[in-house]
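# Notes for the structure review
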Amino acid sequence: MSIENAVTMRKVAERAGVSMMTVSLALRNDASASRISKETCLHVRAIARELRYHPNARGRALRSGKNNVIGLYAGYGFVNVRLPFFTEIVSGLQEGCERFKNDLLLHGTFHGGTPDDIYAELVDGRVDGLVVQMPADDPLAERLANSPFPVVAVADALPGLPSITVDDAGGSRLLAMHLWERGYEEAVYISGSVLARSAIRRRDAFLSTAAEIGMRIIEPPPSDTVDWDEALRSRILPGPDGRRKVVVCWNDQAAYRMFANLRRSGLRVPEDVGVAGFDGCPTPLESIWSLCTVRAPWAVAARTAVEYLNALKEGSPIPEQTVLPVELVPGQTV
């Protein structure tokens, strides 16, 4: 249908013999329709279907000041939906948006703009609120926290913003105890160059628990990113004393890479060395390698973020900090 021949609300009102206000009330998907009789509401909706009337979303947004769109912004450089973590986050956001009839916009502001440039783009009116994941020391985080714009952080708590995280420290403690009970006396902890607070919490909790129970920590080679090389391999090889070793990675992605490197080097998992991760996001690899990990409910976190954003838009209070529980998945790699 051409723009010239598009059915307007006025045409629906004329055909139904009612006012434009009555048409507007009848076609809303909220409690507003109760302000007119059920018969009138059904009559108007029947006429709208007959004329194939579709509400103008842009016009509705201009009148209400809301687009009914929420955005996702990742401050670590990109939203790679091929990574299981982001797959869970985006899936949870979509589920939440379906519940609240929101649309979802993935922001692609990853071209090196200044914090002011990125802030201006994020709050330019295309979205009513934001779900963000970024480092706590990102200048943009402080800018968002000091603005009236609705923002909810996931994965890493941000000062001044409502945040939804998981029990990183508790999960790492569970993992350390499980590995000790499985007979692992030595561990190499792989955190690489990751600076996210969640990763730091996982590492610190694992190392402190290991010290408490008597598990020896073998330091990986000092480098910005831990690559598979002879220095790392020498630390992981089983020693002559028969002590069982396990490689603990800060997330599952690193753990799966480590598993593959060990296999290529001729080491058996878990017979020669164990491997463990964190996150527990569904992945096709789990049907081949049942990884020992800590499952974090990232989809639930994302759905909750959508719920909180909609509450903020309505002026309702939400918790400042929400920490979701995790669970140990024993797997077959330890």
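The next point concerns the nonpolar core. Within the largest apolar cluster, 46 residues are counted, with the highest numbers of intra-cluster contacts made by Ile89, Ile164, Leu175, Leu179, Phe206 and Trp298. Examining the composition of this core, we find that seven residues originate from one element, helix H12 (residues 298–313), more than from any other. Ile89 has contacts with Leu72, Val154, Trp298 and Ala302, leaving out every residue within four places of it along the chain. Grouped together as the second largest cluster of nonpolar side chains are 20 residues, Ile190, Ile236, Met258 and Leu267 included.

To continue, consider the packing of helix H1 (residues 9–16) against helix H3 (residues 38–51). Packing of H1 against H3 brings their axes to within 9 Å, and their N-to-C directions diverge by 120°. The angle between H1 and H3 places the two elements in the oblique class. Pair H1 / H3 crosses with right-handed handedness. Listed contacts from H3 to Lys11, Val12, Arg15 and Ala16 of H1 are His43, Val44, Ile47, Ala48, Glu50 and Leu51.

A few words on the confidence of the model for the protein chain. For the protein chain, the mean per-residue pLDDT works out to 86, and 89% of the residues sit at or above 70. Across residues 1–5, confidence stays below pLDDT 50; counting only partners more than four residues off in sequence or on other chains, it has three contacts.

End to end, H12 covers 23 Å across 16 residues, agreeing with the expected 22 Å (1.5 Å per residue, within 8%). Taking burial as the measure, the 16 residues of H12 include 12 buried ones, the bulk of the element. By the burial criterion, the buried members of H12 are Trp298, Ala299, Ala301, Ala302, Thr304, Ala305, Val306, Tyr308, Leu309, Asn310, Ala311 and Lys313.

Let us now look at the environment of Pro325. Note on placement: Pro325 falls in the loop between strand S11 (321–324) and strand S12 (327–329). Of the residues examined, Pro325 reaches a relative accessible area of 62% and is grouped as exposed. For the pair Pro325 and Thr165, spaced 160 residues apart in sequence, the C-alpha to C-alpha distance is 9.1 Å.

Conventions and cut-offs
- Residues numbered from 1 in each chain as written.
- Predicted model: local features only at pLDDT ≥ 70, side-chain atom pairs only at ≥ 80, totals over all residues.
- Heavy atoms only, no water.
- Core = buried A, V, L, I, M, F, W, Y, C linked by side-chain atoms within 4.5 Å.
- Buried < 20%, exposed > 50% of the residue type's maximum accessible area, 1.4 Å probe, protein only.
- Helix = DSSP H or I, 4+ residues; strand = E, 2+ residues; numbered from the N terminus.
- Contact = heavy atoms within 4.5 Å.
- Axes fitted to C-alpha atoms, helices over the stretch in contact; angles between N-to-C directions.
- Parallel < 35°, antiparallel > 145°, perpendicular 65-115°, else oblique.
- Left-handed = near helix turned anticlockwise from the far one by under 90°.
- pLDDT = per-residue confidence, 0-100.
- Expected span 1.5 Å × (residues − 1).

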